[in-house]
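Commentary on secondary and tertiary structure
What follows is each chain in one-letter form.
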Amino acid sequence: MYALVDCNNFYCSCERVFDVELRNKPIVVLSNNDGCVISRSQESKDLGIKMGAPYFKIQELCEDKGIFVRSSNYTLYGDMSHRIKQVLDLFSSNIEDYSIDESFLDLSDIPNKSLNEHGMDMKQTVYKWTGVPVSVGIAPTKTLAKVANHYAKKNSFTGGVFVINSVKEAEEILKQEAIEDVWGIGRQWSEKLRWKFNVTNAYELSQLDILKARSFLNKLGIHTIREINGQNCIELELESTTAKSLMRSRSFGRGVSTKKEMKEAVAEYATRAAEKLRQKKLVARNFSVFMRTPKYRDDLAKKYSYGVFELDVATNNTLEIVSKALETVDKIWSSGYVYGKAGIMATDLEEEGNVQQNLFIPLNNKNDKLMKALDVINNRFGKDCIKVGAMSKENNTWHMKRRFHSNRFTTNWDQLMIVHCISSVS
DNA sequence: TCTGGGGTCCTAGGACCC
DNA sequence: TCTGGGGTCCTAGGACCC
């Protein structure tokens, strides 16, 4: 049996842990650049706020209804996620770290009759120790555990924990899971399933003929159907596999139309990408740089530019990556456009220790030592304490907007919560 | 004025090999 | 006259996930 532990409205719940004012109030958390809604508390859902709604379209509603708005604070969410996972470690020795707010646990050691109790224990312990509410779904396959989790979330009588012991008894539950909510069935496929095969829920999907389904689903879609029928196809992934690509990109806080500013931005993203590579002990040889005009601005001329570079030897060295990235900007730059976003992607990542050297290039690890020193200094004295000259000064106006940012309560000494003690010992 | 960022896997088709 | 069979690798695009 598998358990899926999923945090309820995760980002909103994290904000709530540190700000009592937000308890029982409607909250939304916005994407980078305060663009659109990416997390809603139950109260906001009840007020009709939709996932992905652009903020400028609901701003008035937020003000009218007193909805609290926060910019996303990934430093805080990442740290809270880590704490929750430490708690879950007590409940199973085989855990898949699936996403920032979800974990799959192997519960094959737990007797079937104690599963519900075990789930309740997990839920209560996580809440007590971190302040974040979670829901628990338990079932014989990962896809069914997802269904059980949705059911637990939607039905308060479950107390936030639900167990599907077998597919046979789950028929009624499966009928309540809309086809587009099934894990692995996205918008395109669910539309086709509804329109072509009249399949509207998970139960109907389980009854669909595999041969028919093959005509438009791929291998992964077929796995989903089998999993809904209780047949295990998607294994628990215990070891985090080496990443295959790494991207750093941002939309700008305002349009960028000069090459100077574009280069500052690309230098910054290349720096972040190199830092992340070093943090993960990875290196890359192939990179691509892109820039584009805003997606939704039909009044502006559209442009998408893209260029690649390849290094002689795979690296995670900031200086090398930034200088090549800037050369690429020179190559692909077109003036006369207002750009909205740029980024850099590293592909074909390798582990730091296994780098294939180049026969014709002398080994030189001087820069590796420099990077190590750079990371130590920046970790100790603050981000960008030392940085490449090509990057801009702080708080440049093209940087992304984060108007409603909360503190980094758990990771920054200057932003700890202050508790005022008003009673005194007599 | 104003719409995120970061990933994975699969498939079809083209270019190439013998 | 007549033109097979069996592979690999790469890439772009499309689906999916959070």
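Everything numeric here is computed off the predicted structure, so don't read it as measured data. (Residues numbered from 1 in each chain as written. Chains lettered and ligands numbered in written order. Predicted model: local features only at pLDDT ≥ 70, side-chain atom pairs only at ≥ 80, totals over all residues. Heavy atoms only, no water.)

With that settled, consider empty space enclosed by the protein. Enumeration according to the criterion identifies one cavity of 30 Å³ or more in this entry. Taken as a whole, the largest cavity encloses approximately 40 Å³ of empty space. If you go around the largest cavity, the residues you meet are V5, C7, S81, I84, K85, L88, I100, D101, E102 and S103. Going through the elements one at a time, β1 (2-7), α4 (74-88) and β6 (102-106) are the ones with two or more residues in the lining of the largest cavity. Top element by residues in the lining of the largest cavity is α4. It accounts for four residues. Across the lining of the largest cavity, the residue classes tally to five nonpolar, two polar and three charged. (1 Å grid on protein atoms, 1.4 Å probe; cavity = no way out; pocket = protein on both sides within 12 Å on 5 of 7 lines; lining within 4 Å. Points joined across faces, edges and corners; volume = space filled by probe spheres on them. Helix = DSSP H or I, 4+ residues; strand = E, 2+ residues; numbered from the N terminus. Nonpolar A, V, L, I, M, F, W, Y, C, P; charged D, E, K, R; others polar.)

Turning next to the sheet that holds strand β3 (residues 37-40). A sheet is described by the order of its strands in space; here three strands give the open sequence β3-β2-β4, paired in mixed fashion. In this open sheet, the two strands that pair with only one neighbour each are β3 and β4 (68-71). Put simply, the sheet's adjacent strands are angled 25° from each other on average, direction ignored. (Pairing = 2+ DSSP bridges. Axes fitted to C-alpha atoms, helices over the stretch in contact; angles between N-to-C directions.)

With that settled, consider the protein's contact with DNA strand C. The environment of DNA strand C is made up of 13 residues, and the closest members are E102, K146, G184, G186 and W189. Sugar plus phosphate: this is where 100% of the atoms of DNA strand C within 4 Å of the protein reside. At a separation of 2.7 Å, a phosphate oxygen of DNA strand C approaches a polar side-chain atom of K146. Between G186 and DNA strand C, the recorded distance is 3.0 Å, taken from a backbone N or O atom to a phosphate oxygen. For the surface near DNA strand C, the secondary structure elements donating two or more residues are β5 (95-99) and α8 (187-197). Broken down by element, the residue count for the surface near DNA strand C peaks at three residues, all from α8. Here the residues of the surface near DNA strand C are counted per class, giving five nonpolar, four polar and four charged. (Near = heavy atom within 4 Å. Polar contact = N/O pair within 3.5 Å; in protein donor to acceptor, adjacent residues only side chain to side chain.)

The next subject is the state of the cysteines. The full count for this structure, using the stated rule, is zero disulfides. Residue C7 stays outside any disulfide, its sulfur separated by 7.2 Å from that of C14, the closest cysteine. In this structure C36 is a free cysteine whose sulfur lies 13 Å from that of C62, the closest cysteine sulfur available. On the basis of relative accessibility, which here comes to 26%, the residue C36 falls in the partly exposed class. (Disulfide = S-S within 2.5 Å. Buried < 20%, exposed > 50% of the residue type's maximum accessible area, 1.4 Å probe, protein only.)

Our focus in this paragraph is the packing of aromatic side chains. Under the defined criterion, the tally for this structure stands at 17 aromatic pairs. Judged by centre distance (4.7 Å) and plane angle (5°), the rings of F18 and F409 are stacked. Of this pair, F18 sits in helix α1 (residues 10-18) while F409 sits in the segment after α14 (366-381), and the two are 391 residues apart along the sequence. We classify F409 as buried; its relative accessible area is 14%. Their ring planes at 85° and their centres at 5.6 Å tell us that Y98 and W183 sit as a pair that is edge-to-face. Of this pair, Y98 sits in strand β5 while W183 sits in the loop between α7 (171-175) and α8, and the two are 85 residues apart along the sequence. For Y98, a relative accessible area of 35% translates into the label partly exposed. (Phe/Tyr/Trp six-rings, centres within 6.5 Å; stacked < 30°, edge-to-face > 60°.)

Within β1, six of the six residues are buried, leaving the element largely enclosed by the surrounding structure. Burial along β1 is two-sided: Y2, L4 and D6 facing one way and A3, V5 and C7 facing the other are all buried. In this structure, β1 lies alongside β6, joined through five bridges in antiparallel fashion. Looking across to β6, one finds that Y2 is bridged to D106. As paired elements, β1 and strand β7 (residues 134-139) share six bridges and run antiparallel to each other. Looking at β7, one finds that L4 is bridged to G137.

This part is about the protein's contact with DNA strand B. Near DNA strand B lie 22 residues; those nearest to it are M247, S249, S251, R297 and K341. Backbone atoms, meaning sugar and phosphate, make up 73% of the atoms of DNA strand B lying within 4 Å of the protein. Of all the secondary structure elements, the ones that give two or more residues to the surface near DNA strand B are α3 (55-65), α11 (219-228) and β9 (245-256). Sort the elements by how many residues they give to the surface near DNA strand B and β9 lands first, with seven residues. Looking at the surface near DNA strand B, its residues break down into eight nonpolar, seven polar and seven charged.

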